[in-house]
Amino acid sequence: MKVFDYMEKFGHEQIIYFYDKTTGLKGITAIHDTTLGPALGGTRLFNYNNEDEALFDVVRLSRGMTYKCAVGDCNCGGGKTVLLGDPSKVKSEGYLRAYGRYIQTLNGRFYTGEDMNISEKDVDYMMMETNFVNGRADMSGNPSPVTSYGVYWGIKACAKEKWGDDSLSGKVIAVQGVGAVGYTLCKYLHDEGAKLIITDINKARRDQTAKDFNATVVEPEEIYSVKCDIFSPCSVGAILNDKTIPQLKCEIVAGCANNVLLDENIHGDMLMNKDILYAPDYVINGGGVINVYQEFFPPYNHERTLKIIEKIYDRLLYIFAYAKKNNINTQLAANAYANERIKTIGSIRSNYIKNEKNL
Ligand code: NAD
């Protein structure tokens, strides 16, 4: 697909290509939808095989951010940048500052920060050239612990929906991936008395997690078929597909990972037909974005932010009820909820107000 095909298909407002001849910086910024406010989304540096791959990634990720912001009650839209290059070779002060200058040209239509292969130190260089950066350590900080916190509350909402009681004590929970978010989630679950089964392709990490939280370890390919109450995907995307869903022996799927369903229609329906309750990924894992969004309301207050993140619990219950009422899978119900919020807020803001801030 070409650029305008994507824009027409997914409704992107703007896709910007940039190249800096001094440093070799090459990137694409996609702004999906700014109905609710400025686009928010990280900057990812990756050695894509070609431009088409990079374009596909940035289109998909920016659209996901629109939905994540909309369901997280954030007045922001969705955006993302992908930088094309080998992370071990391309980065330098000049490269990152050149990128910061492109962000500045967007004049606040897009706020960005860390993502894959872009560190806090890299963001420091970007900030020498742009004001439109968020999620730094001296502001809302590392998003992983708050993401885990939101997922923990989301899992409790799933338990409430499925079993009428949100206690996780004694529940068997299988966690796939115990990295930044999975490990902290295990801590919350363990503290509440859940029994953990874990896996990770990183042996040291899984052994440490097993030791810390008295968890049983299984091999990565075994995690789908372990008998458990809840399966919690916290590693990579697209892991629920035609091959893995038939293996599941759980009643709930709820975790931190993004884009868990290979196809939201087909695989969302497969889970529904197996009577497995699925917590839509961008709803349950939105804690990080909600945290960053709080930077727009200084001074940032961590306790206040945690309270806001806990609302993921009620939001999921609402989405489950909506899905039931309309007999659709929960991922599609989340999309409908997000679209409805964007439409309503966009519409009420079209009423004329004299001297409105934007005039
Ligand atoms: P991470 O790299 O720190 O952890 C991922 C872990 O998964 C690693 O330990 C890795 O070894 C393991 N892993 C990879 N492939 C695996 C496989 N096939 N089987 C078992 N384990 C495997 O990343 P993270 O920041 O913890 O993010 C995990 C997921 O959560 C990603 O999908 C990410 O997009 C999503 N997410 C993260 C955040 C955040 O704040 N970090 C926010 C929202 C969503």
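First, a word on scope: everything that follows refers to the structure included in this document. Chains are numbered independently. Their residues run from 1 in the order of the written sequence. Where totals are concerned, whole chains, interfaces and linings use all residues; where local detail is concerned, this predicted model gives features only for residues with pLDDT of at least 70, and gives and counts side-chain atom pairs only at 80 or more. Water and hydrogen atoms were dropped before computing side-chain values, which therefore reflect all heavy atoms in the structure.

Moving on, we get to the packing of helix α5 (residues 144–163) against helix α11 (residues 302–309). As a packed pair, α5 and α11 sit with axes 9 Å apart at the nearest point and diverge in direction by 35°. Relative to α11, α5 is oriented so that their crossing is right-handed. Contacts between α5 and α11 involve V146, Y149 and G150 on the former and, on the latter, H302, L306 and I309. Under this grouping Gly is polar, as are all residues other than the nonpolar Ala, Val, Leu, Ile, Met, Phe, Trp, Tyr, Cys and Pro and the charged Asp, Glu, Lys and Arg. Here the contact of α5 with α11 is composed, by residue class, of four nonpolar, two polar and no charged. Geometry is summarised by axes, namely lines fitted to C-alpha atoms with helices restricted to the contacting stretch, and by angles between N-to-C directions that run from 0 to 180 degrees. Under the scheme used here, helices are H or I runs from DSSP no shorter than 4 residues and strands are E runs no shorter than 2 residues, and both carry numbers assigned from the N terminus. Crossings are assigned a handedness: left-handed for a near helix turned anticlockwise from the far helix by less than a right angle, right-handed for a clockwise turn. Contacts are assigned to residue pairs that have any heavy atoms within 4.5 Å of one another.

The next point concerns the side chain of D57. Here D57 lies in helix α2 (residues 51–71). Here D57 is in contact with R44, Y48 and V82, once residues within four sequence places are set aside.

In any sheet, the strands associate via hydrogen bonds between backbone groups, in a parallel or an antiparallel arrangement. Pairing is parallel in the open sheet, where six strands are placed in the order β9-β8-β7-β10-β11-β12. With partners counted over all chains shown, the strands left at the sheet margins are β9 (216–217) and β12 (277–278), one partner each. Pairing analysis gives four bridges linking strand β7 (residues 172–176) to strand β10 (residues 230–233), with the strands arranged parallel. Its bridge partner being in β10, I173 is matched across the sheet by I230. Across the sheet, helix α7 (residues 203–213) touches β8 (195–199) and β9, and the angle it forms with β8 is around 175°. DSSP-based pairing: two strands are paired if at least 2 bridges between them are found.

In terms of residue burial, β8 counts as a mostly covered element, since four of its five residues are buried. Note: β7 against β8, five bridges, orientation parallel. Looking across to β8, one finds that I173 is bridged to L196. The definition of a right-handed crossover adopted here requires that, viewed with the strands pointing away, the path from the first strand over the helix to the second runs clockwise. Each parallel crossover has a hand, and the one from β7 via helix α6 (residues 180–191) to β8 is right-handed. As defined by bridge partners, β8 adjoins β9 across two bridges and the pair is classed as parallel. In the sheet register, I197 faces β9, and the bridge partner there is T216. Considered for its hand, the β-α-β crossover made up of β8, α7 and β9 is right-handed. Relative accessible area decides the class of each residue, using a 1.4 Å probe on protein chains only: under 20% of the type maximum gives buried, over 50% gives exposed, and in between gives partly exposed.

On to the site of the ligand. Throughout this document, a residue counts as near a molecule or strand when at least one of its heavy atoms sits within 4 Å of that molecule or strand. Lining the immediate surroundings of the ligand are 20 residues, of which A180, D200, R205, S235 and N258 lie closest. A distance of 3.3 Å is found between an oxygen atom of the ligand and a backbone nitrogen or oxygen belonging to C256. Between N258 and the ligand, the recorded distance is 2.9 Å, taken from a side-chain N or O atom to an oxygen atom. Method for areas: the Shrake-Rupley scheme with a 1.4 Å probe, in which residue coverage is limited to the protein chains shown. Contact with the protein chains removes 73% of the 830 Å² of surface that the ligand exposes when unbound. Elements supplying a minimum of two residues to the shell around the ligand: α5 and α6. Tallied by class, the residues present in the shell around the ligand amount to eight nonpolar, nine polar and three charged. Side-chain atoms alone can form a polar contact between residues adjacent in sequence; in general such a contact is a pair of N or O atoms within 3.5 Å, and within protein one must be able to donate a hydrogen while the other accepts it.

Attention now goes to the side chain of N241. Relative to the helices and strands, N241 is located in the loop between β10 and β11 (252–253). Overall, the relative accessible area of 15% leaves N241 in the buried class. A polar atom in the side chain of N241 sits 3.0 Å from the backbone nitrogen of K243. When residues no more than four places from it in sequence are discounted, the contact partners of N241 are P246, L262 and H267.

Planes of paired rings set the category: under 30 degrees apart is stacked, over 60 is edge-to-face and the rest tilted, where pairs are Phe, Tyr or Trp rings (Trp by its six-membered ring) whose centres lie within 6.5 Å. Applying the stated criterion across every chain, the model contains 17 aromatic pairs. Here the aromatic cluster, defined as three or more aromatic residues joined through ring pairs, consists of Y111, F132, Y293, F296 and F297. Stacked on the ring of W163, the Lys or Arg K171 has its end atom at 4.1 Å from the ring centre. The rule for a charge over a ring is simple: NZ of Lys or CZ of Arg within 6 Å of the ring centre, and within 35 degrees of the ring normal.

Okay, the environment of D73 next. Mapped onto the fold, D73 is located in the loop between α2 and β5 (77–84). Separated by 274 residues in sequence, D73 and S347 have C-alpha atoms that sit 16 Å apart. Leaving out residues up to four positions away in the same chain, D73 has contacts with Y293, R315, Y337 and R341.

With that settled, the discussion passes to α5. Multiplying one less than the number of residues by 1.5 Å gives the expected span of a helix. In this model, α5 (20 residues) spans 28 Å end to end at C-alpha, consistent with the 28 Å of a helix rising 1.5 Å per residue. Here α5 lies mainly inside the structure; 14 of its 20 residues are buried. Downstream of α5 by a residue or two, G164 has a phi angle that is positive, lying close to 75°.

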